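What follows is each chain in one-letter form.
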Amino acid sequence: VMVIGFYKVNGKYPKSDLKEGDTIIKINDTNINTISDLTNAIERNLNENDEVKITYMRDNKQKETTLTLVKERNMFKTGLYVKDSITGIGTLTFIDPETNTYGALGHEILESNTSKLIEVKTGYIFKNSITSIDSSIDGKPGSKNAKFYYNNSYGDIKKNTKYGIYGKYDAKYQQDLISVGNKDDIKVGNAKIYTVLDQEKVEEFDIYITKINENSDIKNITFEIIDERLIEKTGGIV
C-alpha cells in the first residue's frame, strides 16, 4: 500500500511523518498488503483510541510513525490517499521457449503520482486489444488505448526492475518464433521494429538506428522512425 498524496480533514492535514512514495507495511503490529487490510486494521484500533502506529518503508529503510485520525461527520479519516494496485498496457519483449520466462516493457513500472518504483508482490499479464491511439506531438509522447481481458491471463509477474518486468509465460505462443540477435549484430542503419496498432495484429515497421551506446546498461539504442504509415498512425513515439 503506497501513499500517493494527502487531503485535509476539518481544514488541516492529520499529523504523521509519512511522505508521498512511502509504503505502509504494518498498522500497529498487523501486516498490510492491501487497502482492505489497512482499513480493517484501523477500524479494529478505533475501539481503543484515535492514534495508530504505522510501520513503513522509505528508500529501502524501515521506519515507524504514528498517525492521529481525525473525526469528521461521525467518521474517522486518515488524510491519506493510498494505492495498492496498478494497471497498464505494455509490450511483451521476449519469451524464452526453453524456460517460458518472459521480459516486458524494457523499463520499470513507476507510480504515476510519486514516480516511485512499484514493489510487485503479486501480478499477472493478460490479453488486451488495442482500440485506438492518441497521437504524439512535439515534446509529448502519445499512448495506446486498449480493451483489457482480465480473465484471460498469460502469466504472472515476479519482478519489477529498471530493465522491465519478468515472470513466467503460461499461455500458448501467439506468433512464430523469431531468432534473437547478439548485441554485436546491432549496427547504425536501417532496422525493423514490431508493434501493434490495431487489436492484436503484430506488424513490422521501418526505423533508422542513429546511435548505439555500449556504455549504458539500459536504453542503448537511439533511433528515428522513418516508416510513413507508423508516423501517420502514431505521430511518432507512443
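What comes next concerns the included structure.

About the cut-offs
- Every chain is numbered on its own, with residues counted from 1 as its sequence reads.
- Local features in a predicted model are, by the rule used here, given only for residues with pLDDT of at least 70; side-chain atom pairs are given and counted only at 80 or more, and totals for whole chains, interfaces and linings are based on all residues.
- No hydrogens and no water enter the side-chain calculation; it runs on all heavy atoms of the structure.
- The method works on a 1 Å grid over the protein atoms by themselves. A cavity is a set of points holding a 1.4 Å probe that cannot get out, a pocket is an open set with protein on both sides within 12 Å along at least five of seven lines, and residues with an atom within 4 Å of a point line them.
- Grid points are joined across faces, edges and corners, and a volume is the space filled by probe spheres set on the points.
- The rule for a salt bridge is simple: a side-chain nitrogen of Lys or Arg has to be within 4 Å of a carboxyl oxygen of Asp or Glu.
- Strands here mean DSSP runs of E at least two residues long; helices mean DSSP runs of H or I at least four residues long; both are numbered from the N terminus.
- Accessible area is worked out with a 1.4 Å probe on protein chains only. A residue is then buried under 20% of its type maximum, exposed over 50%, and partly exposed in between.
- Each pair of strands is called paired provided DSSP finds at least two bridges between the two strands.
- Axis lines are fitted to C-alpha atoms, over the contacting stretch for helices. Their N-to-C directions set the angle, which ranges from 0 to 180 degrees.

Details of the layout of surface pockets
Roughly 320 Å³ of volume is contained in the second largest pocket. Lining the second largest pocket are M2, G21, D22, T23, M57, R58, D59, N60, K116, L117, I118 and E119.

Describing the pattern of salt bridges
What the rule picks out here adds up to 9 salt bridges. Between K53 and D29 there is a salt bridge, and its shortest N-O distance comes to 3.6 Å. Taken together, the residues span a long stretch of sequence, with K53 in strand β4 (residues 51-58) and D29 in the loop between β2 (23-27) and β3 (30-31) at a distance of 24 residues. Judged by relative accessible area, K53 falls into the partly exposed class, the value being 30%. We note a salt bridge from R229 to E203, for which the minimum N-O separation is 2.5 Å. In this pair, R229 sits in helix α2 (residues 228-234) while E203 sits in strand β16 (residues 202-212), placing the two residues 26 residues apart along the sequence. A network of salt bridges, in which partner residues are shared, links K192, E204 and D206.

Focus on the pairing of β4
By the bridge criterion, 4 bridges tie β2 to β4 in an arrangement that is antiparallel. Bridge pairing links I27 to I54 in β4. Sheet topology places β4 next to strand β5 (residues 61-68); 8 bridges connect them, and they run antiparallel. Of the residues in β5, the one forming a bridge with R58 is K61. What sits between the antiparallel neighbours β4 and β5 is a turn of 2 residues, in which D59 has the positive phi angle 55°.

Some points on the sheet that holds strand β10 (residues 101-104)
The strand order across the open sheet formed by 4 strands is β9-β10-β14-β13, and the pairing between neighbours is antiparallel. In the strand order of this sheet, the two ends are held by β9 (92-95) and β13 (159-161), each with one partner. Geometrically, the sheet is characterised by an average inter-axis angle of 20° between neighbouring strands, direction not taken into account. One ladder, built from 3 bridges, connects β13 with strand β14 (residues 164-168); its direction is antiparallel.

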